[in-house]
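Fold and geometry: a report
Here's the letter readout for the chains.
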Amino acid sequence: MHILRSLGPAVAHVPAREALRAGLGALIGLALTGLFLLSPVVDLDLGLYLVAPFGASSVLLFAVPNSPLAQPWSAIVGNTVAALVGVAVCLLVKDPALRIALAVGLAITATILCRAIHPPAGAVAMTAAMSPDAIAHLGFWFALTPIAVETISLVLLATVYARLTGRHYPFRQFDDPSSHGTRDRNPMELLGLSEEELTGILERYRQSFNLGVEDLARLIGAAELQAAAQSSGPLTAQDIMSRNLVTVSPETPLGEIADLFRQHRFTSLPVVGTEQTFQGVIFQMHLISQARDDALRLDRGFGAAFRRLLDRSREKPVTAADIMSVAGPRATTGTPIGALLPMMAEGDTDAVPVLEYGKIVGIVTRTDLVVALARRAARTKAK
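A few points on the structure. Computed from a prediction, not measured in an experiment: that's the story for all the values here.

Moving on, we come to the environment of Thr267. Within the secondary structure layout, Thr267 lies in the loop between α12 (254-264) and β1 (268-272). Accessibility expressed as a relative area gives 34% for Thr267, which makes it partly exposed. Sequence separation between Thr267 and Gln284 is 17 residues, and the spatial gap between their C-alpha atoms is 5.6 Å. Those residues within four positions of Thr267 in sequence are excluded, and the remaining contacts are Phe261, Ile282, Phe283, Gln284 and Asp350.

Attention shifts here to the nonpolar core. Counting residues in hydrophobic clusters, the biggest one holds 42 residues, and the most contacted among them are Leu61, Phe62, Phe142 and Ile147. Looking at this core, the elements that each hand over two or more residues are α3 (53-63), α4 (72-92), α5 (96-113), α6 (120-129), α7 (132-138) and α8 (141-164). No other element matches the 9 residues that α4 contributes to this core. Not counting residues within four places of it along the chain, the set of residues in contact with Ile147 comprises Val51, Phe54, Asn79, Thr80, Ala83, Val124 and Phe142.

Turning to the packing of α5 against α6, a few remarks are in order. Where α5 meets α6, the axes come as close as 8 Å, and the angle between the chain directions of the two elements is 145 degrees. For the pair α5 and α6, the sense of crossing is right-handed. Together, Arg99, Ile100, Ala103, Val104, Ala107 and Thr111 of α5 and Ala121, Gly122, Ala125, Met126 and Ala129 of α6 make up the contact between the two elements. Looking at the contact of α5 with α6, its residues break down into 8 nonpolar, 2 polar and 1 charged.

The next subject is the pattern of salt bridges. Enumeration over the complete set of coordinates arrives at 4 salt bridges. For Lys359, the salt bridge goes to Glu275, with nearest N and O atoms at 3.8 Å. Here Glu275 lies in the loop between β1 and β2 (278-283) and Lys359 lies in strand β4 (residues 359-365), a separation of 84 residues in the sequence. When salt bridges that share partners are traced, they join Glu18, Arg21 and Arg167 into one network.

This brings us to the environment of Phe278. With respect to the element layout, Phe278 can be found in strand β2. Phe278 sits 75 residues away from Pro353 along the chain, and the two C-alpha atoms are 8.7 Å apart. Discounting chain neighbours no more than four positions away, the residues touching Phe278 are Val271, Arg330, Pro353, Leu355, Gly358, Lys359 and Ile360.

Most of β4 sits inside the fold, with 5 of its 7 residues counted as buried. Of the pairings in the sheet, the one linking strand β3 (residues 351-356) to β4 comprises 6 bridges and is antiparallel in character. Residue pairing across strands places Val354 opposite Gly362, the latter belonging to β4. Turn length for the β3-β4 hairpin, with the two strands adjacent in sequence and antiparallel, is 2 residues, and the turn residue Tyr357 shows positive phi of about 55 degrees.

A word on the side chain of Thr252. Its place among the elements puts Thr252 in the loop between α11 (237-240) and α12. Engagement of the side chain of Thr252 in a polar contact is seen with the backbone nitrogen of Ser249, the distance being 3.0 Å. For Thr252, the residues in contact, after removing those within four places along its chain, are Ile257, Val318, Thr319 and Ala320.

Moving on to the packing of helix α2 (residues 16-36) against α3. Close contact between α2 and α3 brings their axes to 9 Å; oriented N to C, the two are set at 135 degrees. Classified by the angle their axes make, α2 and α3 are oblique. Crossing of α2 over α3 shows right-handed handedness. In contact with Glu18, Arg21, Ala22, Gly25, Ala26, Gly29 and Leu30 of α2, α3 contributes Phe54, Gly55, Ser58, Phe62 and Ala63. The class makeup of the residues in the contact of α2 with α3 is 6 nonpolar, 4 polar and 2 charged.

A regular strand carries its side chains on alternate faces of the sheet. Burial runs high along β1: 5 of the 5 residues are buried. Burial along β1 is two-sided: Ser268, Pro270 and Val272 facing one way and Leu269 and Val271 facing the other are all buried. Where β1 hands over to β2, the hairpin turn is made up of 5 residues, of which Glu275 adopts a positive phi near 55 degrees.

Reading guide: rules and limits
Residue indices begin from 1 for each chain and proceed along its sequence in written order. Local features are withheld for residues below a pLDDT of 70 in this predicted model, meaning they are given only at 70 or higher, and side-chain atom pairs are given and counted only at 80 or more; totals for whole chains, interfaces and linings count all residues. Hydrogens are left out, water is left out, and the side-chain values use all remaining heavy atoms of the structure. Note on conventions: DSSP H or I runs of at least 4 residues are helices, E runs of at least 2 residues are strands, and numbering of each starts at the N terminus. Buried residues are those whose accessible area, probed at 1.4 Å on protein chains only, stays under 20% of the maximum for their type, while exposed residues exceed 50% and partly exposed ones sit between those limits. Contact definition: two residues touch when any of their heavy atoms are within 4.5 Å. Here, nonpolar core refers to any group of buried Ala, Val, Leu, Ile, Met, Phe, Trp, Tyr and Cys residues whose side-chain atoms link them within 4.5 Å. Axis lines are fitted through C-alpha atoms, for helices just across the contact stretch, and the angle between N-to-C directions can take any value from 0 to 180 degrees. Note: crossing handedness is left-handed where the near helix turns anticlockwise from the far helix by less than a right angle, and right-handed where it turns clockwise. Classification convention: Asp, Glu, Lys, Arg as charged; Ala, Val, Leu, Ile, Met, Phe, Trp, Tyr, Cys, Pro as nonpolar; all other residues, Gly among them, as polar. Think of a salt bridge as a Lys or Arg side-chain nitrogen and an Asp or Glu carboxyl oxygen that are within 4 Å of each other. For two strands to pair, DSSP has to find at least two bridges joining them. Between N or O atoms, a polar contact is any pair within 3.5 Å; within protein, one atom must be a potential hydrogen donor and the other a potential acceptor, and residues adjacent in sequence are included only when both atoms are from side chains. In these notes the angle categories are as follows: under 35 degrees is roughly parallel, over 145 is roughly antiparallel, 65 to 115 is roughly perpendicular, and the rest is oblique.

Function cannot be inferred from these measures alone, as they are strictly geometric.
This is the structure in structure tokens:
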């Protein structure tokens, strides 16, 4: 049974949406390149044609853009160096079997030494070794086009596609600004370990090709957060949530919402319908964003069309339904504190609504979490 289990999938379950996102990205990347840059058929006059390894590069660039193997240096330098090695071996070695094996082996060694390991690079070297006629015609030009040109094209398209679909590519490096634009690390990465120490861990366990320093920091941070949550005891949302809620309806105007924030000094306000049915949450950032948008519109002048827009906005003022968030995390009364912590460790979530059968029964804020953990720590120390 152990052997059978080892033959099963080693990759965690991936949502269908992510699978479609990756497949669509590869489709767009290769289609645009084939339509506007390279030819789907072999063109030995210009050397502008698609080769099979680009399909493998697309898997990395669009499906696993966080991987160190998919980063621009690995992809561009790896494919180009492998092409140079493959061409050199093809021109020097006559025996086909030896030529192919030697090209792939030397390409792997060269790309590792260049810190540019990229699995499709082995296929690039193999393609060159298996195409003596094309290489005799193109020579080392093959490494520039189609290989380097196509790889650069795919990297650029993957960068644009990642931004459009909410992903990061190239993946943010360890010394880049945090998600807030400051030099401080994100909460999940405050480990007390330097980049050099994290790199040493990866090298010690020979995982440099599988994980980046940023990935390792996030994983260690998540593990520490989970361990802290478990050590806090079996606390649940019901134990720490605020129950006496101030809520607004979807029709509540923006001015009244601002007054409630100012009066109660809340960071969030739940929006409820009839019989306390949960509709969404308004955070202070929503008010700031609305005020910023209004200021930008005012800066554009007071043309006739804009005056008509202002008149129309007076007839139908902005309400809670226009600015509330409906896609944030939610919890139930039985949700453990270990699940609540990561919800608010990163991002813009200041509070998590607690629901039962679609109705809001409480809300857990970051303050609630801090107070609960502080009390638990104090009790543990007292013992």
